[in-house]
Amino acid sequence: MTHFADYIPYVACLLAIVTFNNRAQQAGNPLPSSLTFAISGGAAFLIGAWIGNWIIYWYFLGIQPANILPHPDTVFSTPDWKWVPICDPVRVSSLAKTLLVTPGCLLGIACAMFAWNRQYGLENRFIRPPPDYSKFGVVAAGHGGFEGSLINNPKVRSVVTQIVVIGSVALLFYFIVANTAHNLDRLGIASGFKFLCDPARYDVTGGFMPVSSTETHWAAFTAGLLNTFVVAVFGCIAATILGVIIGVLRLSNNWIVSKLAAVYVETLRNIPVLLQILFWYGIFILLPAPRQSLKIFDTFYLNNRGFLGPKLFVGDAPVLSAEQQATMISEMGDVKYQRLVEEAGGEENVAAALAESVRPVFGDGSSVLFISLIVAFFAVWFYRRWARKRQEATGQQSPVFLVSAGTIILFPILCLLIAGTTLELQHTELKGFNFVGGTSISVSFVALWFALSVYTAAFIAEIVRAGILAVPYGQTEASYALGLRPGQAMRLNILPQALRVIVPPLTSQYLNLTKNSSLAQVVGFLEIVGTIGGITLNQTGQAVECIVITMAVYLIISLVISVFMNWYNKRIALVER
Amino acid sequence: MAREPKTSTTRKTTAAKKPAAKKAAAANGDDVAKQPALTISDEVAIEVAGMNKWYGEFHVLRDINLTVQRGERIVICGPSGSGKSTLIRCMNRLEEHQAGKIVIDGIELTNDIKKIDEVRREVGMVFQHFNLFPHLTIMENCTLAPIWVRKMPKSEAEEIAMSFLERVKIPEQAHKYPGQLSGGQQQRVAIARSLCMNPRIMLFDEPTSALDPEMIKEVLEVMVDLAGTGMTMLCVTHEMGFARQVANRVIFMDEGQIIEENEPEEFFLNPQSDRTKLFLSQILH
Amino acid sequence: MSDVTANQSNLRVLGGGIAPRPAPATTVGVVGWLRENLFSSLLNTILTILSLILLYFTVPPIIEWAFLDAFWTSFDYDGNGEIGRNDCRVEVLDADGKAINAVRGACWMFVAERWEQLLFGDFFKDGSLLRPTLAFIGLFIAVAPMLFDQVPGRNVLLLFAVVYPLLAIWLLSGTGIGIYYELVYLGLIVSILPFLFPHMPMREPLTKFARIYPLLAVVLIAASFFVSADGLTLVPGILTSVDTHLWGGLLLTMVIGVVGIVLSLPIGVVLALGRRSHMPAVKLLCVIFIEFIRGVPLITLLFMASNMLPLFFPEGYDFDKLVRALIVVVMFSAAYMAEVIRGGLQAIPKGQYEAADALGLSYWKSMYLIILPQALKIVIPGIVNSFIGLFKDTTLVLIIGLFDILNTAKLALTDAKWIGSVKEAYAFVALVYFIFCFAMSRYSIWLEGKLETGHKR
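No experiment lies behind these values; they were computed from the predicted model shown. (Residues numbered from 1 in each chain as written. Chains lettered and ligands numbered in written order. Predicted model: local features only at pLDDT ≥ 70, side-chain atom pairs only at ≥ 80, totals over all residues. Heavy atoms only, no water.)

1. Regarding the interface of chain A and chain C
As a reminder of what qualifies: By the convention used here, residues are in contact when the closest approach between their heavy atoms is within 4.5 Å. Summed over both partners, the accessible area (1.4 Å probe) lost when two parts come together is defined as the buried area. A pairing counts as a salt bridge when a side-chain nitrogen of Lys or Arg comes within 4 Å of a carboxyl oxygen of Asp or Glu. The definition of a polar contact used here is a pair of N or O atoms within 3.5 Å, where within protein one atom must be able to donate a hydrogen and the other to accept one, and adjacent residues in sequence count solely through side-chain atom pairs. Helix and strand assignments come from DSSP, with helices taken as H or I runs of at least 4 residues and strands as E runs of at least 2, each series counted from the N terminus. Each residue is assigned to one class: nonpolar for Ala, Val, Leu, Ile, Met, Phe, Trp, Tyr, Cys and Pro, charged for Asp, Glu, Lys and Arg, and polar for all the others, Gly among them.
Contacts between the two partners involve 54 residues from chain A, matched on the other side by 55 residues from chain C. Roughly 4,600 Å² of surface becomes buried between chain A and chain C when both sides are summed, with 73% attributable to carbon and sulfur atoms. Summed over the shared surface of chain A and chain C, the result is zero salt bridges. Our enumeration of links across chain A and chain C arrives at twelve residue pairs in polar contact (both at pLDDT 80 or more). At the level of secondary structure, the elements contributing two or more residues to the side of chain A that touches chain C comprise helix H5 (156–187), helix H7 (255–269), helix H8 (273–284), helix H14 (443–470), helix H17 (528–540) and helix H18 (543–572) of chain A. Element by element, the count of residues in the side of chain A that touches chain C is highest for H5 of chain A, at 15 residues. Split into classes, the residues belonging to the side of chain A that touches chain C amount to 32 nonpolar, 18 polar and four charged.

2. A few points about the sheet that holds strand E4 (residues 99–104) of chain B
Note on sheets: strands pair through backbone hydrogen bonds, and any given pair is parallel or antiparallel. Residue and element names in this part refer to chain B. For the record, the criterion: A strand pair is defined by DSSP finding two or more bridges across the two strands.
Taking strand neighbours across the sheet as the criterion, the four strands line up as E2-E1-E4-E5 in an open arrangement whose pairing is antiparallel. Across the chains shown, the open sheet's two edge strands, defined by having one partner strand only, are strand E2 (58–69) and strand E5 (107–108). Looking at chain direction, strand E1 (residues 44–55) and E2 are connected through eight bridges and run antiparallel. Across the sheet, the residue bridging to Val 44 is Gln 69, located in E2.

3. Side note on the packing of helix H6 (residues 154–173) of chain C against helix H7 (residues 179–196) of chain C
Residues and elements named next belong to chain C. Let me state the cut-off plainly: Axis definition: a line fitted to C-alpha atoms, over the contacting stretch in the case of helices. Angles run 0 to 180 degrees between N-to-C directions. For classification purposes, angles smaller than 35 degrees are called roughly parallel, those larger than 145 roughly antiparallel, those between 65 and 115 roughly perpendicular, and all remaining angles oblique.
Look at H6 against H7: their axes get within 10 Å of each other, and the N-to-C directions meet at 170°. As summarised for this structure, H6 and H7 are arranged roughly antiparallel, according to the angle between their axes. Contacts between H6 and H7 pair Asn 155, Leu 158, Leu 159, Val 162, Val 163, Pro 165 and Leu 166 from the former with Glu 182, Tyr 185, Ile 189, Ile 192, Leu 193 and Leu 196 from the latter. For the contact of H6 with H7, the residue count by class is eleven nonpolar, one polar and one charged.

4. Quick word on the pattern of salt bridges
Definition in use: A 1.4 Å probe rolled over the protein chains alone gives each residue an accessible area, and that area as a share of the maximum for its type sets the label: buried under 20%, exposed over 50%, partly exposed in between.
For the coordinates displayed, the defined rule picks out 29 salt bridges over all chains. Between Arg 85 of chain C and Glu 424 of chain C there is a salt bridge; the shortest N-O distance is 3.4 Å. In this pair, Arg 85 of chain C sits in the loop between helix H3 (42–68) and strand E2 (89–93) while Glu 424 of chain C sits in helix H17 (residues 422–455), placing the two residues 339 residues apart along the sequence. Among the residues examined, Arg 85 of chain C registers a relative accessible area of 14% and is labelled buried. Ionic contacts of the salt-bridge type, sharing partners, join the residues Glu 477 of chain A together with Lys 53, Arg 89 and Glu 95 of chain B into one network.

5. Details of helix H9 (residues 249–275) of chain C
All names here are of chain C. We count it as follows: Take the number of residues in a helix, subtract one, and multiply by 1.5 Å to get its expected span. Bend, in this description, refers to the angle at a residue between axes fitted to the seven residues ending there and the seven starting there.
Compared with the 39 Å implied by 1.5 Å per residue over 27 residues, the 37 Å span of H9 between its first and last C-alpha is a close match. Taken as a whole, H9 carries its principal kink of about 30° at Ser 264; the proline Pro 266 stands between one and four residues after it. With respect to burial, H9 is a largely interior element, 19 of its 27 residues being buried.

6. Focus on the sheet that holds strand E8 (residues 232–236) of chain B
A sheet is described by the order of its strands in space; here seven strands give the open sequence E6(B)-E7(B)-E8(B)-E3(B)-E9(B)-E10(B)-E1(C), paired in mixed fashion. Among the strands making up the open sheet, the edge pair consists of strand E6 (123–126) of chain B together with strand E1 (12–13) of chain C. Here strand E9 (residues 249–254) of chain B runs beside strand E10 (residues 257–262) of chain B; their pairing, made up of five bridges, is antiparallel. Counterpart to Met 253 of chain B in the pairing with E10 of chain B is Ile 258 of chain B. Each of E6 and strand E7 (201–205) of chain B touches helix H2 (residues 113–122) of chain B; the most contacted strand, E6 of chain B, lies at about 65° to it. Along the sheet, helix H9 (residues 274–283) of chain B contacts strand E3 (73–77), E9 and E10 of chain B; its crossing angle with E9 of chain B, the most-contacted strand, is approximately 100°.

7. Things to note about helix H4 (residues 154–167) of chain B
Residue and element names in this part refer to chain B. In this model, H4 (14 residues) spans 20 Å end to end at C-alpha, consistent with the 20 Å of a helix rising 1.5 Å per residue. Of the surrounding elements, those touching the buried residues of H4 are helix H3 (138–148) and helix H5 (183–195). Two residues or fewer past H4, Lys 169 is found with a positive phi of approximately 70°.

8. Some thoughts on the domain arrangement of chain C
Residues and elements named next belong to chain C. Threshold: Where a domain begins and ends is set by an automatic assignment or by a domain database.
Along its sequence, chain C is organised into domain 1 (24–59), domain 2 (69–113) and domain 3 (248–457). Using C-alpha coordinates to define each centre, domain 2 is positioned 42 Å away from domain 3. The interface of domain 2 with domain 3 comprises twelve residues on the first partner and eleven residues on the second. Between domain 2 and domain 3 lies a buried interface of about 970 Å² when both sides are counted; carbon and sulfur atoms form 72% of it. Joining domain 2 to domain 3, the criterion identifies one salt bridge. For the side of domain 2 that touches domain 3, the class distribution of residues is seven nonpolar, two polar and three charged.

9. A short note on the pairing of E2 of chain C
Residue and element names in this part refer to chain C. Summarising the sheet, E2 and strand E3 (residues 99–103) pair through five bridges and their orientation is antiparallel. Looking at the pairing, Val 92 lines up with Ile 100 of E3. Between E2 and the antiparallel strand that follows it, E3, lie five residues; Gly 97 among them carries a positive phi value of about 90°.

10. Some thoughts on a positive patch on the surface
The following threshold applies: Excluding any residue in a salt bridge, patches collect residues exceeding 30% relative accessible area, merging like charges within 9 Å and nonpolar Val, Leu, Ile, Met, Phe, Trp and Tyr side chains within 5 Å. Calculation of accessible area relied on Shrake-Rupley with a 1.4 Å probe; when residues are assessed, cover is drawn exclusively from the protein chains displayed. Residues counted as positive are Lys and Arg, residues counted as negative are Asp and Glu, and His and the chain ends are not counted. By convention, charge coordinates are those of NZ in Lys, CZ in Arg, CG in Asp, or CD in Glu.
Among the surface-exposed residues, Arg 384, Arg 385, Arg 388 and Lys 389 of chain A lie close enough to one another that they form a single positively charged patch. Its place among the elements puts Arg 385 of chain A in helix H12 (residues 367–394).

11. What to know about unusual backbone geometry
Negative phi characterises most residues that are not glycine, and trans characterises most peptide bonds. All names here are of chain B. Even without being a glycine, Asn 131 presents a positive backbone phi close to 55°. Even without glycine at this site, Asn 198 takes up a positive phi of about 55°. Its place among the elements puts Asn 198 in the loop between H5 and E7. With a relative accessible area of 8%, Asn 198 lands in the buried category.

12. A closer look at the nonpolar core
Spelled out, the test is: Note on terminology: a nonpolar core comprises buried Ala, Val, Leu, Ile, Met, Phe, Trp, Tyr and Cys residues joined through side-chain atoms within 4.5 Å.
Within the largest apolar cluster, 151 residues are counted, with the highest numbers of intra-cluster contacts made by Trp 247 and Leu 345 of chain C. Setting aside its immediate chain neighbours within four residues, Leu 345 of chain C contacts Ala 272, Leu 273, Arg 276, Tyr 353, Ile 371, Leu 372 and Ala 375 of chain C. With 100 residues, the next largest nonpolar core counts Ala 489 of chain A together with Ile 170, Leu 211 and Ile 259 of chain B among its residues.

13. Focus: the confidence of the model for chain B
Residue and element names in this part refer to chain B. Spelled out, the test is: Every residue gets a pLDDT, meaning the predictor's confidence in that residue, from 0 to 100.
Residues of chain B with pLDDT of at least 70 account for 86%, and the chain-wide mean is 84. Model confidence for chain B, summarised as mean pLDDT per element, is weakest for H9 at 87 and strongest for E7 at 95. Confidence over residues 1–36 falls short of pLDDT 50; this stretch has 52 contacts with residues more than four positions distant or in other chains.

14. A few points about the state of the cysteines
So the rule is basically this: Two cysteine sulfur atoms make up a disulfide if the distance between them is within 2.5 Å.
The final tally for this structure, using the stated rule, is one disulfide over all chains. Sulfur-sulfur distance for the disulfide between Cys 88 of chain C and Cys 107 of chain C comes to 1.8 Å. When the S-S torsion is 60°, as for the bridge of Cys 88 of chain C with Cys 107 of chain C, the disulfide is right-handed. Taken together, the residues span a long stretch of sequence, with Cys 88 of chain C in the loop between H3 and E2 and Cys 107 of chain C in the loop between E3 and helix H4 (109–120) at a distance of 19 residues. For the unlinked cysteine Cys 90 of chain B, the closest cysteine sulfur is that of Cys 235 of chain B, found at 17 Å. The exposure class assigned to Cys 90 of chain B is buried, which follows from its relative accessible area of 0%.

15. Regarding the pairing of E7 of chain B
All names here are of chain B. The cut-off we apply is this: Handedness rule for crossovers: strands pointing away from the viewer, path from the first strand over the helix to the second running clockwise, crossover right-handed.
Here E7 lies mainly inside the structure; five of its five residues are buried. Where E6 lies against E7, four bridges are found, and the strand directions are parallel. In the strand pairing of E7, Val 123 is matched with Ile 201. Judged from the five bridges that link them, E7 and E8 form a sheet pairing that is parallel. Paired with Phe 204 across the strands is Cys 235, a residue of E8. On the question of chirality, the crossover connecting E7 to the parallel E8 by way of helix H6 (residues 213–227) is right-handed.

16. Some points on the environment of Met 197 of chain B
Relative to the helices and strands, Met 197 of chain B resides in the loop between H5 and E7. Since its relative accessible area comes to 2%, Met 197 of chain B is described here as buried. Beyond its immediate sequence surroundings of up to four residues, Met 197 of chain B is in contact with Leu 482 of chain A together with Arg 121, Ala 145, Pro 146, Val 149 and Arg 150 of chain B.

17. Side note on the packing of aromatic side chains
What characterises a pair of aromatic rings is the spacing of the ring centres plus the angle enclosed by the ring planes. Using the following cut-off: Each Phe, Tyr or Trp ring, with Trp reduced to its six-membered ring, pairs with another whose centre is within 6.5 Å; inter-plane angles below 30 degrees give stacked pairs, above 60 give edge-to-face pairs, and intermediate values give tilted ones. Cation placement over rings: the criterion is NZ of Lys or CZ of Arg within 6 Å of the ring centroid and within 35° of the ring normal.
Here the structure, examined in full by the defined rule, presents 28 aromatic pairs over all chains. Between Phe 391 of chain C and Tyr 433 of chain C, the ring centres sit 5.6 Å apart and the planes meet at 65°, which makes this aromatic pair edge-to-face. Remark: Tyr 433 of chain C occurs in helix H17 and Phe 391 of chain C occurs in helix H15 (residues 380–393); sequence separation between them is 42 residues. Take Tyr 433 of chain C: its relative accessible area is 1%, and that puts it in the buried class. Among the aromatic residues, ring-to-ring pairing joins Phe 279, Trp 280, Phe 284 and Phe 450 of chain A into one connected group. The ring of Phe 268 of chain B has Arg 244 of chain B lying over it, and the distance from NZ or CZ to the ring centre is 4.8 Å. Taking NZ or CZ as reference, Arg 294 of chain C lies 5.4 Å from the ring centre of Tyr 336 of chain C, over its face.

Laid out in structure tokens, this is it:
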């Protein structure tokens, strides 16, 4: 059975390799590109898997590293659809491997790119070598100068100052560490990360991956991680869309609309986000009870427990072996078992019902979807290259956008139909006092997502507005004067210049949204800070380790986004004297 | 002369050019530098009839009547706020007029987008502040419109662009970015960029006003050179030397109206209206 | 046409006698404005209609709730001897059309009754409310010379501003800060006097004192670690001591906000200078500190303060919860401030640094006299934005159990008499924050406009 997350590291590797290879070709890479692909891809994957395994397993948990090279069987066939705790190396789940392999992969690719850069000298500012216009009989003028070199101050005073500074910081650290060790000892608090493999003794519900109290702290942590990820991604998407709309509306010459947008921005920017989260939560729990839910198109329901809708299953339900069924039945307890039998309509349907209850969203046969998506992406990528070459050669333009969108949407659907993969839509139904089946999103998530999106959208609106205003109107005029239509002028001239100004503060707003998601615990939504920074910390008392893990997660996210931003800034910097 | 690229857009056929008519003033054997009055055909390039424009309540252009033949070079001058920039910006619909008629190359300027696009293809404009696209190289600046509007293949567009860059004498800067060039170089690139679209009319909105004095000369040389090729030019400028050298007519505007219009020598030697006299006394000390 | 054109003069003299005429009726006036702004295209028309619909459905209900149906003054309408949410009930028709008693409008009585708690927390339990009010007024007096230019008696006010922190601590907590720190503080005031009042008598000895003052300060602070002062203090003990756990509401928010703002600016400047330093060790430390603080949410830092800080110090060192929060908030704000200031430092042309060097100014003098004044002016909007963000972030102390205004409002809601007044409570808190933050942002725009005239690029 395939698990969709298996594809993440491979896709990430491939995309990064393709991009990197592209740049290398431009810089004059002498090797044939297929060889470059093979070498860098293979190396990155091996290095990544090895590093990831080594770090997580051996260093932190003191456990013997599992299989270094993920065997295809173990990767692609997991008996359990949950995030099986990595504390048991035998039953390593593919998703855990994803966590290990992806950063390792990226690290491997980064190393390869670094080495390549040293050898072939892609310059720091990502300036492509000047195009060759010698065919016109013209000799290119020299480049503009780069910045001068750093002048280091070699005076003795600076050395002494540095020694003093480092010395005092080191002393401070020693003071802190010694005291901490002594106090931990005194209070009888354990240290080390072994607690991650102990049972959590609390449920994680209301999120996107329920974890029962018998599972480990690590499982709870990964559930919290997933929750943070979902809030951040969907929050950023919603905030961007809303923010762009409001920013553009604010610039419109329709007086009512621009004033309304201004009121929106000013109000929301001056009220603390915590208050807004509490406010929206207070609004959403005033919705009616499940029995009187608001119906939307008769398939979606909104009530004070959350937002419910159908669930799309791609692929078949799993086939559970007899012992798996037996384990599940014994874990359930009698009461739940009886209810299950009732709902299933008899003992003979129990097997199917059990299988349904653990059915993953992407089951057997769903790999078709992902393979076809990957193929569609590559097809679109090649099509766009071909279209660009065609335009350069003959001047004819192709309907790139329509074809790309169409391919990415239609091709996977076509493949699914041909392969005959099961597609089942499970509707949510009201049984008794509550809804069963389908997707249910807890009201805390809805309130949190809504509040964060609306709050961040106000800031993004200002950023977008500033970006568009930063482009002098003369650029638009010059584009029109050349005969470009407004759409073309926007796409070719205004947006590229505006994006330079928009993207850096935009990414820092994304970062802010991710960090603000840590306020989820006031509405009872368990993400990272709620699980490992909250309940786990209180239960185990190991404050230092828990807080270190929490901070490490956020630091990694910040670092990745910062690196991206630095790269982006360097790449698009306007070249000046 | 500009090359005729393969295009798919319809163009009016030019009327047969009459042989050059010599002006009386040129008969007294003037300086060699003065451009011969070339090919002023009888075809009307621009016709403005009863044009009025308001900015809100402010009547910025009042009853403008103007006819420009193909091949004419017209210099518009006047004090600031007289509406001269607004007038030429109305010619390619960067500004809208509220009353009257503007016909460019036989196409009337209304709210019809297709007609506006057609007009903009045939009319080139050079701005006071250059307005080069800073994120593109010089070559890309010049080839952008031919590729995306006239749908030319890239290599052809580059050839044409390079030929014009040579005309304005900066072919070796083709791979650089606007931020790396001086003001005079940027303005010359702006002129080349407009020429790459093969316009039949060129509008200049104070092209040298934002330049340092030592760079004005190089830009004016390019404009004189352009005039020598028979391009229909409408310039708003304060450079009276240029007017004397190249213009067929000088138009003086004040308070949104055309006050006086004459050949350059007559205009400078015998200004008729008082306002013209006042203006000339201020700029030609 | 023939060669006639050759000799014909192109002379046309129109004389310019055209008087300005009024613009066509459809382009000016109300009609013109409407057409231009609201209905200029199909899209605009649709948007206008949608906006009007939106306004129709949101504004009247809000005005009804907040103003028309609201109860403003405390009065025991239901006559049960105490004032609670029940006093705001009126007769309404419920979903089935029956007449019942329910709350329809805003019950601002909640605010009227609980204003002491909302504004000052539990301060009134141990001290008179006059004290925080005086401290608040004093804050504005102290800040006035920095906000406004033509304030009379500027120097006296600046002196007051220097004295104010100690005064505020005394008013709010009823105690001083220990004799060592008080002496340090006193020395600071004395050494600043000659700068504020250049023509005062005894200038010479005071300036000499100012030179040795830093050394004195270090000695005193070091002594405080070794010799316990045992509660010896200079301030008169006439005020009752109010422990910090009683501070709450707007008082606590202001304390955290003001302390955060005041302390984060100098620390941020130091960090920014350190980050731009040419000494690798200093630069590395500053970068690590700034990137670390900016990469983690404030919540985690607050958790760290409340859970881990006690572990960092030897037994018996008990940190006030408020002090822990203050340390974290100051560090957090200083890191963001450092980035803002760094932007300003980068915007100063290199020539300024070189000119300062050429004049022979030392590093610190050139920073203080030349670079920093320019840099700070450039980034004033960024600094004020930082302040606004800090002020809003004070709500987060809710999570470590401090009672800022939001948490106090939540607490007041748990009172049985006022359960259900959620909207009123949050609306009040939102209004308070909005007023402060909006005022700060308008001030920054005003300040920017005023300073731009001198700094136009």
